[in-house]
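An overview of the molecular structure
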There are 2 protein chains.
Amino acid sequence: MDTKELGSTESAILNSAKEIFERKGMAAARMQEIADEAGINKAMLHYYYRSKQLLFEAVFKSAFSMLAPQINGIINAETSLFEKIINFSNNYVLFVLKHPYLPNFIIQELNRNPDFVKQIVAEKNFPNISKFKQQVDEEVKKGVIRPIKAEQLFINIMSLNIFPFIGSQLLKGLVNVNDEAYKQLMEERKTEIADFIINSIKLK
Amino acid sequence: MDTKELGSTESAILNSAKEIFERKGMAAARMQEIADEAGINKAMLHYYYRSKQLLFEAVFKSAFSMLAPQINGIINAETSLFEKIINFSNNYVLFVLKHPYLPNFIIQELNRNPDFVKQIVAEKNFPNISKFKQQVDEEVKKGVIRPIKAEQLFINIMSLNIFPFIGSQLLKGLVNVNDEAYKQLMEERKTEIADFIINSIKLK
DNA sequence: GTTTAGTTTAACCAAATGGTTGACAAACTT
DNA sequence: AAGTTTGTCAACCATTTGGTTAAACTAAAC
């Protein structure tokens, strides 16, 4: 596949590995397939990354470091609570269009390997909702929004944004629409989600 | 493992296969492990189910037939819209406590194999939201709830209920709570979700 | 021009894995 | 009771798979 210089072989491997791992998951991914995708010999994978496990971890960390700023940047921005909700919903849809398999990959592998969470959480760039929490508590106290735990609100925001993509196959079936119509629904959600949330919490 | 008579070996296999497949997914599951779990010889798996693929399909269909009534029964009940929302949120949490890996398994394998959806949708007991849709449209027209597409409301309900379990590892990390505290949050959601939704759509 | 260090490949290997076979036993059938 | 079907198992098989190795190639250093 394409590379973008920088130890071209090494980054070609990482790119191909990302593609295969994200689409198939650790267990179903094949080293040979990654090598083929990168257009290089299988031995190169081990030359640069030692083992499947280590290659996987490199991919996972790289993937997580794409998602984290997405969450962090918006949740901890210097904007009002409502703006955060609007921005997140809007941006997340755009993000997923660029990386369709990424969120599912992360969630899946995190479930398969719960200990992994601890490693990741320990890292410096791991998102932190403390600022968001403080903001929510304030708005509740000021009577701008109805009483709600910041944790629950955060889970709601994440759920409404992430699940429609992860559960897309199931939802397509249940809602009984084709790919095109579902894509249209997702498009609408860029504003629908924020409306839905703000309507729920805002005290007029 | 335990069996519950009825061709004891065959059902022992299915039970063990469910357990392993749901926890590890198709790709990572091992036939030997399923046999061990069932306390029988590996050849028996093939005697009763021919191949890994067929055993997997049996498990998947069985799993889906547990989830479907959960959705169907409530969404198409003879109750008011608000009652449906309340009942679903309440029941779903109880369901997941009994079958922790099931929803994730279904969504995961459906993603991995999108063609599978068509097969499943064709079956008679596949949930259908037409009644729910009609109900939502009516309530909008009557001015009981604000204007919202039934499909979007449905997706919101599903997202708010299902995602917190599927993404539990990620959310635990982001919200920064331990297993115990997270379980507590899930407990609260039995009522929190319905409140959140109804607050959003209800016109006073 | 030779050495040297890093890079790449074809061929190979051992373990794991899904699946098969043939013997054997238990349960029906007649 | 003899024969037939059904269920069960240990051993086996072919293929796949992650991983290794030794030799060949490349390009910079001397």
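Quick summary incoming for the structure in this document. All of these numbers come straight from a predicted model, not from anything done at the bench. (Residues numbered from 1 in each chain as written. Chains lettered and ligands numbered in written order. Predicted model: local features only at pLDDT ≥ 70, side-chain atom pairs only at ≥ 80, totals over all residues. Heavy atoms only, no water.)

Focus on the protein's contact with DNA strand D
- R30, K42 and K52 of chain A together with T9 and Y47 of chain B are the nearest of the 15 residues found near DNA strand D.
- In DNA strand D, atoms within 4 Å of the protein come from the sugar-phosphate backbone in 60% of cases.
- T9 of chain B places a polar side-chain atom, nitrogen or oxygen, 2.8 Å from a phosphate oxygen of DNA strand D.
- N41 of chain B has a polar side-chain atom sitting 3.1 Å from a base nitrogen of DNA strand D.
- Secondary structure elements with two or more residues in the surface near DNA strand D: α3 (42–49) of chain A together with α3 (42–49) of chain B.
- It is α3 of chain B that provides the largest number of residues to the surface near DNA strand D, a total of four residues.
- The class makeup of the residues in the surface near DNA strand D is eight nonpolar, four polar and three charged. (Near = heavy atom within 4 Å. Polar contact = N/O pair within 3.5 Å; in protein donor to acceptor, adjacent residues only side chain to side chain. Helix = DSSP H or I, 4+ residues; strand = E, 2+ residues; numbered from the N terminus. Nonpolar A, V, L, I, M, F, W, Y, C, P; charged D, E, K, R; others polar.)

Topic: the protein's contact with DNA strand C
- Among the 14 residues in the neighbourhood of DNA strand C, the closest are listed as T9 and Y48 of chain A together with R30, K42 and K52 of chain B.
- Atoms of DNA strand C within 4 Å of the protein: sugar and phosphate make up 57%, bases the balance.
- Within the contact set of DNA strand C, a phosphate oxygen lies 2.9 Å away from a side-chain nitrogen or oxygen of T9 of chain A.
- Per-element tally for the surface near DNA strand C: the top contributor is α3 of chain A, with four residues.
- The residue makeup of the surface near DNA strand C, split by class, is seven nonpolar, four polar and three charged.

Remarks on the packing of helix α8 (residues 130–142) of chain A against helix α9 (residues 150–166) of chain A
Residue and element names in this part refer to chain A.
- Put simply, α8 and α9 touch, their axes get as near as 9 Å, and they point 115° apart. Here α8 lies roughly perpendicular to α9, going by the angle between them. Between α8 and α9 lies a crossing whose hand is right-handed. Across the interface between the two elements, F132, K133, V136 and D137 of α8 pack against A150, E151, L153, F154 and I157 of α9.
- Each residue belonging to the contact of α8 with α9 can be placed in one class, and the counts come to six nonpolar, no polar and three charged. (Axes fitted to C-alpha atoms, helices over the stretch in contact; angles between N-to-C directions. Parallel < 35°, antiparallel > 145°, perpendicular 65-115°, else oblique. Left-handed = near helix turned anticlockwise from the far one by under 90°. Contact = heavy atoms within 4.5 Å.)

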